[in-house]
Amino acid sequence: MLQRIISAVVGIILLGYIINVGGWLFFLTISLLNIFAIYELHNAFKKININITFGQLSVFTIMLLFSAQYILKLNFMIIPLSLFLLIIFIFLYSIINNTQNHITDIVFSIFSYVYTSTLFMYFILMRNLFNGIYYIWWVFITTWACDTGAFFTGILFGKNRLAPNISPHKTIEGSIGGILSSIAASIIYTRLLLPGIMFLDSLMVGFLIGVFSQVGDLSASLIKRYCNIKDFSKIIPGHGGILDRFDSALFTFPIAYYYIILFIQKGGLL
């Protein structure tokens, strides 16, 4: 537990500096996290004889994140365009090189790109919004509050299993506690640092993050169970891999981003 706490504190300090500086440092950090997440999936799927195209996915990831960082007008076109190009490229590569890539490898490569790159992209899109620094911390803190609230509520009151075949230690009581903690953190954060946010919006963002945070966590657990692994890697002491640490945030950033631009900024991207 001590190792986990120390890693978390050091990570938050580094993350805080990178978020506040922004620019190239933030872009490069998210890119590296994203590429390492793909590498973790690459290693996980290899254990069940599935080979995703790590090198090709890394190149397309950099292209996607660079577009999100510097070509703001393409925000809503980036994902479908990049997916189309990726699918065409993977099939062309297999045809030109006459490789015997199993269709399963191609499908899992596309899945890996969607699960990591298109979701990590929203970290950059969120940071680029007006008040982006405050928004990105809003999502992180609310997500962490959900994880922490669910953990302690589950320990104290957990009796009914939430998804025993996927994550046997998670409980319905813990899930409810996580959502309530998420809502409380969202309301407190906005009252202190984003006073212009309406109470209803704070509540809704907290609720959505509380729900999607747990969906992200369970989704990562589902992948790990499918690959028969405990952690995606050991890069973060006490936490596991990049995907072990960011699994919840990968789902909360997109939902929070769209809520902010549609209901708080009324459709404005800046």
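Note that the structure is predicted; figures quoted are calculated from it, not measured. (Residues numbered from 1 in each chain as written. Predicted model: local features only at pLDDT ≥ 70, side-chain atom pairs only at ≥ 80, totals over all residues. Heavy atoms only, no water.)

Asker: I tried to follow the side chain of Thr142 on my own but got confused; where do I start?
Answerer: By the element assignment, Thr142 lies in helix H6 (residues 132-157). Polar side-chain contacts of Thr142 include one of 2.6 Å to the backbone oxygen of Trp138. Setting aside anything within four residues of it in sequence, one finds Thr142 in contact with Ser182, Ala185, Ser186, Gly206 and Ile209. (Helix = DSSP H or I, 4+ residues; strand = E, 2+ residues; numbered from the N terminus. Polar contact = N/O pair within 3.5 Å; in protein donor to acceptor, adjacent residues only side chain to side chain. Contact = heavy atoms within 4.5 Å.)

Asker: Whenever I open this one, the packing of helix H2 (residues 23-46) against helix H9 (residues 242-264) confuses me. Can you help?
Answerer: When two helices pack together, their arrangement is given by the angle between the helix axes and by the axis-to-axis distance. At a minimum axis separation of 10 Å, H2 and H9 run at an interaxial angle of 115 degrees. Judged by the angle between their axes, H2 and H9 are roughly perpendicular. You can see that H2 and H9 cross each other, and the crossing is left-handed. From H2, Leu33, Phe36, Ala37, Glu40 and Leu41 reach across to H9, where they touch Ile242, Leu243 and Phe246. By residue class, the composition of the contact of H2 with H9 is seven nonpolar, no polar and one charged. (Axes fitted to C-alpha atoms, helices over the stretch in contact; angles between N-to-C directions. Parallel < 35°, antiparallel > 145°, perpendicular 65-115°, else oblique. Left-handed = near helix turned anticlockwise from the far one by under 90°. Nonpolar A, V, L, I, M, F, W, Y, C, P; charged D, E, K, R; others polar.)

Asker: Please clarify how the environment of Lys266 should be interpreted in this entry.
Answerer: Relative to the assigned elements, Lys266 resides in the segment after H9. With a relative accessible area of 66%, Lys266 lands in the exposed category. Expressed as a C-alpha distance, the spacing of Lys266 and Gly22, which sit 244 residues apart in the sequence, is 24 Å. Apart from the residues within four sequence positions on either side, Lys266 is in contact with Ile260 and Ile261. (Buried < 20%, exposed > 50% of the residue type's maximum accessible area, 1.4 Å probe, protein only.)

Asker: Help me out: how do you make sense of a nonpolar patch on the surface in this one?
Answerer: A cluster of nonpolar residues, Leu81, Phe84, Leu85, Ile87, Ile88, Phe91, Leu92, Ile95, Ile96, Ile103 and Val107, forms a patch on the protein surface that exposes about 1000 Å² of accessible area. Among the secondary structure elements, those contributing two or more residues to the nonpolar patch are helix H4 (78-96) and helix H5 (103-127). Top element by residues in the nonpolar patch is H4. It accounts for nine residues. In this structure, Ile95 sits in helix H4. For Ile95, a relative accessible area of 62% translates into the label exposed. (Patch = residues over 30% accessible without salt bridge, like charges linked within 9 Å, V, L, I, M, F, W, Y side chains within 5 Å. Areas by Shrake-Rupley, 256 points an atom, 1.4 Å probe, with all protein chains shown as cover. Salt bridge = Lys/Arg side-chain N within 4 Å of Asp/Glu carboxyl O.)

Asker: Is there a simple way to explain the pairing of strand E2 (residues 167-171) in this structure?
Answerer: Regular strands have side chains that alternate between both faces of the sheet. In the sheet, strand E1 (residues 161-163) pairs with E2 via two bridges, with the strands oriented antiparallel. Paired with Arg161 across the bridge in E2 is Thr171. Turn length for the E1-E2 hairpin, with the two strands adjacent in sequence and antiparallel, is three residues. (Pairing = 2+ DSSP bridges.)

Asker: I tried to follow the side chain of Thr53 on my own but got confused; where do I start?
Answerer: Within the secondary structure layout, Thr53 lies in the loop between H2 and helix H3 (54-70). When residues no more than four places from it in sequence are discounted, the contact partners of Thr53 are Ile90 and Ser109.

Asker: Just checking my understanding: could you explain H5 for this structure?
Answerer: Along an α-helix, residues three or four apart share an orientation, since each turn contains 3.6 residues. Taking 1.5 Å per residue, 25 residues should reach 36 Å; H5 reaches 37 Å between its end C-alpha atoms and fits that length. At Val114, H5 shows its strongest bend, of approximately 30 degrees. Of all 25 residues making up H5, 20 are buried, and the element is well covered by its neighbours. (Expected span 1.5 Å × (residues − 1). Bend = angle between axes of the 7 residues up to and from the residue.)

Asker: Teacher, can you tell me more about the packing of H4 against H5 here?
Answerer: Taken N-terminus to C-terminus, the directions of H4 and H5 make an angle of 150 degrees; their axes are 11 Å apart at the nearest point. As far as their axial angle goes, H5 and H4 are roughly antiparallel. The chirality of how H4 crosses H5 is right-handed. Together, Ile78, Ile79, Ser82, Leu83, Leu86, Ile87, Ile90, Phe91 and Ser94 of H4 and Ile103, Ile106, Ser109, Ile110, Tyr113, Val114, Thr118, Met121 and Tyr122 of H5 make up the contact between the two elements. Here the contact of H4 with H5 is composed, by residue class, of 14 nonpolar, four polar and no charged.

Asker: Is there a simple way to think about the environment of Ile50 in this case?
Answerer: On the secondary structure map, Ile50 appears in the loop between H2 and H3. As a C-alpha pair, Ile50 and Ile106 span 56 residues in sequence and 9.3 Å in three-dimensional space. Filtering out sequence-adjacent residues up to four positions away, Ile50 remains in contact with Phe45, Thr104, Asp105 and Phe108.

Asker: Can you walk me through the packing of aromatic side chains in this structure?
Answerer: The relation between two aromatic rings is expressed through the spacing of the ring centres and the mutual angle of the planes. Applying the stated criterion across every chain yields a total of 29 aromatic pairs. Their ring planes at 25 degrees and their centres at 6.4 Å tell us that Phe89 and Tyr93 sit as a pair that is stacked. Note that Phe89 and Tyr93 are positioned in helix H4 at a spacing of four residues, about one turn of the helix. By relative accessible area, Phe89 is classed as partly exposed at 36%. A residue is classified by how much of its surface remains accessible, and Tyr93, at 37% relative accessible area, is partly exposed. These aromatic residues form a ring-pair network of at least three members: Phe120, Phe123, Trp137, Phe140, Trp144, Phe246 and Phe253. (Phe/Tyr/Trp six-rings, centres within 6.5 Å; stacked < 30°, edge-to-face > 60°.)

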